[in-house]
Amino acid sequence: MLCYSTASLPDHLSARHIAELLLPTPFRGVEFVVRPEHLRFVGDRSHWLGFRTELEARGLSVRNVQLGFPFLLGPVAHSPGLSSLDPFGRSRRIEAALAAARIAEQLGSPYVTVTTGLPERAGDFAWQEKLFFASLSEIVAKRPKSIKVAIEQEPEHVIHRTDQLLYLCRSFEGEVFSNFDVGHSFVAGEDPAAAVRTLGPYLSNIHLEDIKGRVHRHLMFGDGDIDFRALFSALRDVGYRGDLTPDLYPFKDEPVKALRESAEFLARYAGRFDTQ
């Protein structure tokens, strides 16, 4: 399904306003990005049911609930993370992930997506990978069983490479997937098309943006160096049927333009691409 992220729309939109922006476009899926205020009323089922009903009445559905908002738990970006060396901070992020999974359940989303957190001390990188594995184990064990967990790799984070994603997906076969960010893979020095072929059946969602010079700055399609023809050829080769989601948060204040250009890009590269 073609999806659009609330991170790429103006802040604090209602379901009705999200629908008003998306309905003139081919995007019928919503990636809902959790913000601090959402965690405060995670147990308010009537709120989430109302949000879901407003979208579904207009032919839209939530496809992914994502925890990528940088300042979700405080003023330091992406901190504390699921790989944090601080046990209390790590437990706070685990609770936030489980809260997001409950939100996903109430919104009818099949996935909740987590990121891993930043390296915190030189020499502790491998240990932080193990801490993330332990955090992920707890989330998988305690999440609502209807919800699958996806991991988005971030170039500055502990989990940032395709081989790391593949190991984690295989370790939690059928329960953990890759919310694969094409631009992040490119920034990390990888070939995104080759990464897609490696991850194959573990792909749940594809984040799309362009990147110039392997600098982590999300650009509009065509303004960078990514070979999208090769990327979509790889997606076809692996039989991908998941979601396609432009990740254009730098353009959230000009959503009509970004949505139009995203739709034109996807019509050109994925017009005959068979997603769910």
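Structural notes, computed from the coordinates. (Residues numbered from 1 in each chain as written. Predicted model: local features only at pLDDT ≥ 70, side-chain atom pairs only at ≥ 80, totals over all residues. Heavy atoms only, no water.)

### What about the side chain of N205?
- In this fold, N205 is placed in strand β7 (residues 203-208).
- The class for N205 is buried, based on a relative accessible area of 3%. (Helix = DSSP H or I, 4+ residues; strand = E, 2+ residues; numbered from the N terminus. Buried < 20%, exposed > 50% of the residue type's maximum accessible area, 1.4 Å probe, protein only.)

### Quick look at the layout of surface pockets
- Roughly 690 Å³ of internal volume is contained in the largest pocket.
- If you trace the largest pocket, you find 36 residues lining it, with T6, A7, V33, R35 and F69 closest to the centre.
- Secondary-structure elements contributing two or more residues to the lining of the largest pocket are β2 (29-33), α2 (36-39) and α3 (45-56).
- Of the residues that constitute the lining of the largest pocket, the class distribution is 14 nonpolar, 13 polar and 9 charged. (1 Å grid on protein atoms, 1.4 Å probe; cavity = no way out; pocket = protein on both sides within 12 Å on 5 of 7 lines; lining within 4 Å. Points joined across faces, edges and corners; volume = space filled by probe spheres on them. Nonpolar A, V, L, I, M, F, W, Y, C, P; charged D, E, K, R; others polar.)

### So, the nonpolar core
- If you look at the biggest cluster of nonpolar residues, it comprises 83 residues, and the most contacted ones within it are L208, F232 and L244.
- A total of 10 residues in this core trace back to one element, the largest contributor, which is helix α4 (residues 87-107). (Core = buried A, V, L, I, M, F, W, Y, C linked by side-chain atoms within 4.5 Å.)

### Topic: the sheet that holds strand β8 (residues 243-246)
- The strand order across the open sheet formed by 8 strands is β1-β2-β3-β4-β5-β6-β7-β8, and the pairing between neighbours is parallel. On the outer flanks of this sheet lie β1 (3-5) and β8, each paired with one strand and no other. Looking at each pair of strands side by side, their axes are set apart by 25 degrees on average, direction ignored.
- Judged from the 3 bridges that link them, strand β5 (residues 148-151) and strand β6 (residues 176-181) form a sheet pairing that is parallel. Across the sheet, V149 pairs through a bridge with V176, a residue of β6.
- Contacts between helix α5 (residues 125-142) and the sheet are confined to β4 (111-114), β5 and β6, with β5 contributing the most and set at about 155 degrees to the helix. (Pairing = 2+ DSSP bridges. Axes fitted to C-alpha atoms, helices over the stretch in contact; angles between N-to-C directions. Contact = heavy atoms within 4.5 Å.)

### A word on the packing of helix α6 (residues 162-171) against helix α8 (residues 192-199)
- Running from amino to carboxyl end, α6 crosses α8 at an angle of 15 degrees, the nearest separation of the two axes being 10 Å. Taken together, the axes of α6 and α8 are roughly parallel relative to one another. For the pair α6 and α8, the sense of crossing is right-handed. Note on element contacts: α8 touches α6 through A195, T198 and L199, opposite T162, L165 and L166.
- Considered class by class, the residues forming the contact of α6 with α8 number 4 nonpolar, 2 polar and no charged. (Parallel < 35°, antiparallel > 145°, perpendicular 65-115°, else oblique. Left-handed = near helix turned anticlockwise from the far one by under 90°.)

These results come straight from atomic positions and should not be treated as a statement about function.
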